[in-house]
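Topology and contacts: notes
The chain contents come next:
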Amino acid sequence: MKHLLPKEAWALIQQQPDALFVDVRMEIESQYVGRPPGVINIPWYEYPEMKPDPKAFVLAVEKLAKSKDQPVVLLCRSGLRTVDAGIALEKAGFTNVVNVLDGFEGELDDNDQRGREGGWRFEGLPWTQT
């Protein structure tokens, strides 16, 4: 699995438009916190269970991927869920998995707030919100 900073991941997506860009956050996170353009939401886990279902996640990605060699770029809140999701994809045979470091919102700062020290939004990359 490759680990890219948000700007590097955005550049890869621009250079490889066939890349499958997957937001692994819960649907409500993606809708209300915001999401990059062109991203597809396939949650790693969902409310209220809050338990990953790696098999269901892999199957959902397989339905959308053209091949297991297609670049799959994974985004979550802070870059942690995507590591587990990426490992599941690699175990299923995907060979070009990318984790977006710092995710959409980045890590918590000293005031327990996100979005002030890193992440997709912090870097000024394009995003929308419902």
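Below is a short write-up of the structure. Everything numeric in this text was worked out from a predicted model, so none of it was measured.

All right, on to the sheet that holds strand S4 (residues 72–75) then. Pairing within the open sheet is parallel, and its five strands lie in the order S1-S5-S4-S2-S3. Each edge of the open sheet is held by one strand with a lone partner, namely strand S1 (2–4) and strand S3 (40–41). With three bridges connecting them, S1 and strand S5 (residues 97–100) associate as parallel partners. Across the sheet, leucine 4 pairs through a bridge with valine 100, a residue of S5. Packed on one face of the sheet, helix H1 (residues 6–15) meets S1, strand S2 (20–23), S4 and S5 and runs near 110° to S1.

Throughout the structure, instances matching the rule amount to four aromatic pairs. Residues phenylalanine 21 and tryptophan 120 carry aromatic rings whose centres are separated by 5.6 Å and whose planes lie at 40° to one another, so their mutual orientation is tilted. Taken together, the positions of phenylalanine 21 in strand S2 and tryptophan 120 in the segment after S5 put the pair 99 residues apart, joining distant regions of the chain. Taking relative accessible area as the criterion, phenylalanine 21 reaches 3% and is therefore assigned buried. Between tryptophan 44 and phenylalanine 57, the ring centres sit 5.3 Å apart and the planes meet at 85°, which makes this aromatic pair edge-to-face.

Rules behind the numbers
- Residues numbered from 1 in each chain as written.
- Predicted model: local features only at pLDDT ≥ 70, side-chain atom pairs only at ≥ 80, totals over all residues.
- Heavy atoms only, no water.
- Pairing = 2+ DSSP bridges.
- Helix = DSSP H or I, 4+ residues; strand = E, 2+ residues; numbered from the N terminus.
- Contact = heavy atoms within 4.5 Å.
- Axes fitted to C-alpha atoms, helices over the stretch in contact; angles between N-to-C directions.
- Phe/Tyr/Trp six-rings, centres within 6.5 Å; stacked < 30°, edge-to-face > 60°.
- Buried < 20%, exposed > 50% of the residue type's maximum accessible area, 1.4 Å probe, protein only.

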